[in-house]
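Each chain, written out:
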Amino acid sequence: MKEHTQNFIVLSLAYLVSFSLTMAIISPLQSVLLSSVPASISLLFLPHGVRMIAAHYYGWKSILYLLPSSYLMYILMTQAQGDILPPLSPLVSLLACYIGMKLVTTFANVTSKDISISTWKWLLIAGFVGSIFNGLGIGLLQGHIDLTTQMLGYAIGDVSGQFALMIALIYYFRYIQTDDVTES
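Note that the structure is a prediction, hence the values are computed from the model and not measured.

**A short note on the overall build of the chain**
No. 1: Across its full length, the chain carries six helices and zero strands.
No. 2: When the helices and strands of the chain are read in sequence order from the N terminus, they spell out α-α-α-α-α-α.
No. 3: A buried classification covers 40% of the 184 residues belonging to the chain.
No. 4: Here the analysis covers contacts within the chain between residues at least 6 apart in sequence; of these, 72% occur between residues at least 24 apart.

**A closer look at the environment of V92**
No. 1: Within the fold, V92 resides in helix α4 (residues 89–108).
No. 2: Residue class for V92 comes out buried when judged on its relative accessible area of 19%.
No. 3: Residues V92 and G137, 45 residues apart in the sequence, show an inter-C-alpha distance of 6.2 Å.

**Quick look at the packing of aromatic side chains**
Any two aromatic rings considered together are summarised by their centre-to-centre distance and by the angle between their planes.
No. 1: As enumerated under the stated definition, the model contains six aromatic pairs in all.
No. 2: Every member of this aromatic cluster is reached through a ring pair, and the members are Y15, F19 and F45.

**Observations concerning helix α2 (residues 47–58)**
No. 1: Here α2 spans 16 Å end to end across 12 residues, near enough to the 16 Å set by a 1.5 Å rise per residue.
No. 2: A large share of α2 lies buried, amounting to 10 of its 12 residues.
No. 3: Backbone geometry just downstream of α2 places G59 in the positive-phi region, at approximately 60°.

**Some thoughts on helix α3 (residues 61–81)**
No. 1: Counted at 1.5 Å a residue, the expected span for α3 with its 21 residues is 30 Å, and the 30 Å between its end C-alpha atoms agrees.
No. 2: The largest bend in α3 is about 40°, located at L67, with the proline P68 one to four residues further on.
No. 3: Within α3, the full set of buried residues consists of S62, I63, Y65, L66, S69, S70, M73, Y74 and M77.
No. 4: Where α3 is buried, its residues meet α1 (2–33), α2 and α4.

**Side note on a nonpolar patch on the surface**
No. 1: Residues V17, L21, I25, L29, V32, L33 and L34 make up a contiguous nonpolar surface patch of roughly 680 Å² in combined accessible area.
No. 2: By the secondary structure assignment, L33 is in helix α1.

**Quick notes on the packing of α1 against α3**
No. 1: Packing of α1 against α3 brings their axes to within 9 Å, and their N-to-C directions diverge by 30°. Comparing the axis directions of α1 and α3 gives the class roughly parallel. Crossing angle aside, the handedness with which α1 passes α3 is right-handed. Residue-level inspection shows H4, N7, F8, L11, S12, Y15, L16, F19, S20 and M23 of α1 in contact with α3, the latter providing K61, Y65, L66, P68, S69, S70, L72, M73, M77 and Q81.
No. 2: Its residues assigned to classes, the contact of α1 with α3 comprises 12 nonpolar, seven polar and one charged.

**With respect to the nonpolar core**
No. 1: In terms of nonpolar packing, the biggest core is built from 30 residues, with Y15, F19, L66, L85 and M101 touching the most fellow members.
No. 2: Listing elements by their share of this core, those giving two or more residues are α1, α2, α3, α4, α5 (117–142) and α6 (147–183).

**Side note on the packing of α2 against α4**
Two measures define how a pair of helices packs: the angle their axes make with one another and the distance between the axes.
No. 1: Direction vectors running N to C along α2 and α4 enclose 50°, while the axes themselves pass 9 Å from each other. Taken as axis vectors, α2 and α4 run oblique relative to one another. Along this stretch, α2 crosses α4, giving a crossing that reads as right-handed. When α2 is examined against α4, the residues H48, R51, M52, A55 and H56 are found in contact with a partner set consisting of S93, L94, C97, Y98, M101 and T105.
No. 2: Of the residues in the contact of α2 with α4, the class split is six nonpolar, four polar and one charged.

**Focus on the side chain of S62**
No. 1: By the element assignment, S62 lies in helix α3.
No. 2: With residues up to four places along the chain from it excluded, the contact list for S62 reads A54 and A55.

**Points about the confidence of the model for the chain**
No. 1: With 88% of its residues at a pLDDT of at least 70, the chain reaches an overall mean of 86.
No. 2: No element of the chain has a lower mean pLDDT than α6, which averages 82, and none a higher one than α2, which averages 95.

Thresholds, definitions, all that
- Starting from 1, residues in each chain are numbered consecutively following that chain's sequence as written.
- Given that this is a predicted model, residues contribute local features only at a pLDDT of at least 70 and side-chain atom pairs are listed and counted only at 80 or more, while totals for whole chains, interfaces and linings are drawn from all residues.
- With hydrogens and water excluded, all non-hydrogen atoms of the structure serve as input to the side-chain values.
- Strands here are runs of E lasting at least two residues and helices are runs of H or I lasting at least four, both read from the DSSP assignment and numbered beginning at the N terminus.
- A 1.4 Å probe rolled over the protein chains alone gives each residue an accessible area, and that area as a share of the maximum for its type sets the label: buried under 20%, exposed over 50%, partly exposed in between.
- Contact definition: two residues touch when any of their heavy atoms are within 4.5 Å.
- Two rings from Phe, Tyr or Trp (for Trp, the six-membered ring) form a pair when their centres are within 6.5 Å of each other. A pair whose planes differ by under 30 degrees is stacked, one over 60 is edge-to-face, and the rest are tilted.
- Given a helix with a known number of residues, its expected span is that number minus one, times 1.5 Å.
- Bend, at a single residue, is the angle you get between axes fitted to the 7 residues ending at that residue and the 7 residues starting at it.
- Patch definition: residues with relative accessible area over 30% and no salt bridge; like charges joined within 9 Å; nonpolar side chains (Val, Leu, Ile, Met, Phe, Trp, Tyr) joined within 5 Å.
- Here the Shrake-Rupley method, with its probe set to 1.4 Å, supplies the accessible areas, and only the displayed protein chains count as covering residues.
- Each reported salt bridge corresponds to a side-chain nitrogen of Lys or Arg within 4 Å of a carboxyl oxygen of Asp or Glu.
- Note on geometry: axes are lines fitted to C-alpha atoms, helical ones only across the stretch in contact, with angles between N-to-C directions running from 0 to 180 degrees.
- Between 65 and 115 degrees an angle is taken as roughly perpendicular, under 35 as roughly parallel, over 145 as roughly antiparallel, and anywhere else as oblique.
- We call a crossing left-handed when the near helix sits turned anticlockwise from the far one by less than a right angle, and right-handed when that turn is clockwise.
- Charged means Asp, Glu, Lys or Arg here, nonpolar means Ala, Val, Leu, Ile, Met, Phe, Trp, Tyr, Cys or Pro, and polar covers whatever is left, Gly included.
- Residue types Ala, Val, Leu, Ile, Met, Phe, Trp, Tyr and Cys, when buried and joined through side-chain atoms within 4.5 Å, form a set referred to as a nonpolar core.
- Values of pLDDT, ranging from 0 to 100, describe the predictor's confidence in every residue of the model.

Given below as structure tokens:
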């Protein structure tokens, strides 16, 4: 039980921080620099990286770990910006990420214990597949699917956010690793 509580806390904090950074810094910059892009699509959506990495390491449990923080951010975003997404969209997004991860890792025979560079490439491909499913699911919830704006926008924003988060994590872990070596 303690492990589940720790996973829940760490993933929830990661999701909340990544979503907050996206909404507080990236979205305002995007609205100023790229005003033609709809507000519902972020071109650098960091939470997708958290969802995909969680799906890789925790499988279906990632949905349970991230569901409360996903709905918390959904409620806060709805309060701030109005009703821009259907209420089931956080669940659909988490399911889409899990399904995308499951499909790609099964095909590529990648496990959660793999941490090589080639595994990170497969994670990005899984992120793209999950993003496509996310765009389809959200489109179905909204009653229309716009392939160019919605699907492509989600794919670009989700995968670029996942890539940025993964690069940040690589440098963070390298920093920790070099810090451990200097202390020894």
